[in-house]
Amino acid sequence: MKIGVLTSGGDAPGMNAAIRAVVRQADALGHETWGIHRGYQGLLEGDMAPLPSRACANILQRGGTILQTARCPEFHDPIFRAKAAANLKDTGIEAIVVIGGDGSFRAAEVLQREHGVACAGIPGTIDNDLAGTERTLGFDTALNTAVEAIDRIRDTASSHGRLFLIEVMGRSSGMLAVHTALACGAEAVLYPESPEDSYEGLVSQLNASWLRGKRSSIVVVAEGDTAGRAMAVGERLKRDHPLDLRVVVLGHVQRGGSPSAMDRIWGSRWGAEAVRRLDRGESGFYLGEVAGALVAQPISRVLEPQPVPPGDLGRLVTTLAR
Ligand code: F6P
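Predicted, not measured: the structure shown is a model, and the values here were computed from it. The numbers attached to residues start from 1 for each chain and follow its sequence in the written order. Owing to the predicted nature of the model, reporting of local features is limited to residues with pLDDT of at least 70; listing and counting of side-chain atom pairs is limited to 80 or more, with chain, interface and lining totals taken over all residues. Excluded from the side-chain calculations are hydrogens and water; all other atoms, namely the structure's heavy atoms, are used.

Draft legend 1. Layout of the packing of aromatic side chains. Centre distance within 6.5 Å is the pairing criterion for rings of Phe, Tyr and Trp, where only the six-membered ring of Trp is used; planes under 30 degrees apart are then read as stacked, over 60 as edge-to-face, and the remainder as tilted. Summed over the entire model, instances satisfying the criterion amount to three aromatic pairs. Considering the side-chain rings of Phe105 and Tyr286, the 5.0 Å spacing of their centres and the 40° angle between planes classify their relative orientation as tilted. Linking Phe105 in helix α4 (residues 102–115) with Tyr286 in strand β10 (residues 285–290), this pair joins segments that are 181 residues apart in sequence. Neither Phe105 nor Tyr286 differs from the other in exposure class; each is buried. Summarising the aromatic geometry, the rings of Trp266 and Trp270 are spaced 5.3 Å apart at their centres and angled 55° between planes, so their arrangement reads as tilted. Here Trp266 pairs with Trp270, and both are found in helix α9 (residues 261–279), just four residues apart, close to one helical turn. Take Trp266: its relative accessible area is 3%, and that puts it in the buried class. Labels follow the DSSP assignment, with helices taken as runs of H or I lasting at least four residues and strands as runs of E lasting at least two, numbered in each case from the N terminus. Partly exposed describes any residue whose relative accessible area lies between the buried limit of under 20% and the exposed limit of over 50%, with all areas from a 1.4 Å probe on protein chains only and scaled to the type maximum.

Printed below as a string of structure tokens:
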């Protein structure tokens, strides 16, 4: 069988581990792998080529994706999807492994439903916002990157007695923000799903800690649906709080870098499992991790609401910031 593999949406550390595992597990089972370049964009344009085992040497530890990635709005149009399915048929690719986030899985779900293309999904996004899995590739690395950066900022925050608002990625999910805040001992975290995500709550909390004698603080702000949200909060806060304030948007630094050991391990496990299942004739699933175990979910689960960060973690940030 010819298996296609693509990475789609925002790149995430660990994607290369998954690509390598797909290629090498396929090789071990006697299948051929084709790399589809630039995600669904490359699929539309027929930009794909055989991806031999040797081409995956020394990629396990590399960030980004050797296949490159793209966001592809054309894929919402059925005419373009039909073209993509035709390209796969012409090349003789019978199944594809899609490494990406919810948008990428939605596209796979519709491609399978409309055109019978056998699809397998591997969660790859730093946002960790997919139903049915507690982990996505890149989250662990991005979390560690953010924490390392904030540890550095804390040195200068305490030297100057300043308040830092630090914006982290995650799009509409606060998962990265909450975990970052807890890991770096932040004063507070603002994230979209929190009932306590209010400006007034933040001001009263900062005032209380000021009265307790705290003279430097870190507040983690989830970007939410509008990147740059920390800037807007900072502008208001300058008027309402005495501390000298700075805003840092961590941005794409969170997406790069060598994957953590866990992202390499799960990329390898998921890549191999996707191929083993396709080999057994299964399709229409994506892989995940629940309570430490590798699980497979029907691809239709991607349509379910995204998981919310555990509320107790957000509250713990506040409790421990005394
Ligand atoms: O989905 C991953 C992500 O990094 C989000 O956290 C962020 O909002 C978005 O991608 C940024 O996208 P782009 O790289 O296209 O600006």
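Don't stop here, the text continues.
Draft legend 2. Summary view of the side chain of Asp127. Its place among the elements puts Asp127 in the loop between β5 (118–123) and α5 (139–160). In summary, the charge assignment counts Lys and Arg as positive and Asp and Glu as negative, without counting His or the chain termini. Here, a salt bridge means any Lys or Arg side-chain nitrogen found within 4 Å of an Asp or Glu carboxyl oxygen. Despite its burial, Asp127 pairs with no opposite charge, the nearest such side chain being Arg171 at 4.3 Å. Any two residues whose heavy atoms approach within 4.5 Å at even a single point are treated as in contact. Apart from residues no more than four positions distant in its own chain, Asp127 is found in contact with Phe139, Gly170, Arg171, Ser173 and Met175.

Draft legend 3. The arrangement of the layout of surface pockets in detail. Here a cavity means grid points, on a 1 Å grid over the protein atoms only, where a 1.4 Å probe fits yet cannot get out; a pocket means an open set of points with protein on both sides within 12 Å along at least five of seven lines; lining residues are those with an atom within 4 Å of a point. Grid points are joined across faces, edges and corners, and a volume is the space filled by probe spheres set on the points. What the largest pocket holds in volume is close to 860 Å³. Looking at the largest pocket, it is lined by 40 residues, and the ones nearest its centre are Gly9, Arg71, Asp102, Gly103 and Arg171. Secondary-structure elements contributing two or more residues to the lining of the largest pocket are α4 and β6 (162–168). Per-element tally for the lining of the largest pocket: the top contributor is α4, with six residues. A per-class count over the lining of the largest pocket returns twelve nonpolar, 16 polar and twelve charged. Each of two domains, domain 1 (2–138 + 259–303) and domain 2 (139–255), supplies a minimum of three residues to the lining of the largest pocket. All residues other than Ala, Val, Leu, Ile, Met, Phe, Trp, Tyr, Cys, Pro, Asp, Glu, Lys and Arg, Gly among them, are scored as polar; the first ten of these are nonpolar and the last four charged. Just so you know, the domain bounds were taken from an automatic or database domain assignment.

Draft legend 4. Molecular detail of the packing of helix α1 (residues 15–28) against α9. The N-to-C vectors of α1 and α9 enclose an angle of 35°; their axes lie 7 Å apart at closest approach. Once α1 is placed against α9, the crossing between them reads as right-handed. Residues Ala17, Ala18, Ala21, Val22, Gln25 and Ala26 of α1 touch α9, and the partners they reach there are Asp263, Arg264, Gly267, Ser268, Gly271, Ala272, Val275 and Arg276. Across the contact of α1 with α9, the residue classes break down as seven nonpolar, four polar and three charged. Every axis in this analysis is a line fitted to C-alpha atoms, fitted for helices over the stretch in contact. Angles between the N-to-C directions lie between 0 and 180 degrees. Should the near helix be turned anticlockwise from the far one by less than a right angle, the crossing is left-handed, and should it be turned clockwise, the crossing is right-handed.

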